[in-house]
Amino acid sequence: MDVNQYGRMAEQHWQEHRPGSISAIGDPESFFTELGTDVQNEVRARWTAGRVNEAAVAGESFLERAGRLQQLRREAEGEVLRELVLLPADGDPDLADDPHFTVAQITEEQWRQQHLHDLLAGLSQAGDYSPAERARLRAGAPERLLELTGLSDADLGGQGLL
């Protein structure tokens, strides 16, 4: 299977911004092929859910509706790309530059990001972490990211780790 547009986008982004993370991936082609497919499926799922939940607007023309639905798709795509593809650069100073974060919060978020990326890259597995660490990793993470990293309720329950 070939790497799709999302997988190529992730690979380019990671090569430029996350060279430490990409160098740790055992089989980058398979990883980015799978990631691209997952992103495509998630965009489709969110866009479909958005269309189903979006009420028709009375008096709306075909072109207006098409434009509104296209905007829903772009929003779904943007959300998924931010969550799974356009990840912060290695050593990203943005967290440290935000005066609203304490040193402890910055340290915690950097720990979470590093370990979630290790899980995504297959460098670690959910069972490698203690129950407290798994709770820290799961805190605030989108459901799809939990599924991709093996930290979803179903995955953890299936492994007897929940």
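Now for a quick tour of the structure. (Residues numbered from 1 in each chain as written. Predicted model: local features only at pLDDT ≥ 70, side-chain atom pairs only at ≥ 80, totals over all residues. Heavy atoms only, no water.)

**Digging into the nonpolar core**
Soluble globular proteins tend to pack their nonpolar side chains together in the buried interior. With 29 residues, the main nonpolar core has F32, V39, L84 and L151 as its most contacted residues. Of all the secondary-structure elements, those providing two or more residues to this core are helix 1 (5-17), helix 3 (28-53), helix 4 (62-85), helix 6 (103-120) and helix 8 (143-149). Looking at this core, the element that brings in the most residues is helix 3, giving five residues. If we ignore the near neighbours within four places in the chain, the residues touching L151 are L116, L119, A126, R134, L137, R138, L146 and L156. (Core = buried A, V, L, I, M, F, W, Y, C linked by side-chain atoms within 4.5 Å. Buried < 20%, exposed > 50% of the residue type's maximum accessible area, 1.4 Å probe, protein only. Helix = DSSP H or I, 4+ residues; strand = E, 2+ residues; numbered from the N terminus. Contact = heavy atoms within 4.5 Å.)

**Some thoughts on the side chain of H13**
Its place among the elements puts H13 in helix 1. For H13, the residues in contact, after removing those within four places along its chain, are R18, V85, L86 and L87.

**Notes on the packing of aromatic side chains**
In the structure shown here, the tally under the stated rule is three aromatic pairs. An angle of 45 degrees between the planes, with centres 5.4 Å apart, marks the rings of W14 and F31 as tilted. A residue pair is termed long-range when its members are at least 10 positions apart, and W14 in helix 1 and F31 in helix 3 qualify at 17 residues. Assigned by exposure class, W14 and F31 land together as buried. On the numbers, 5.0 Å between centres and 85 degrees between planes, the contact of F31 with F32 is edge-to-face. (Phe/Tyr/Trp six-rings, centres within 6.5 Å; stacked < 30°, edge-to-face > 60°.)

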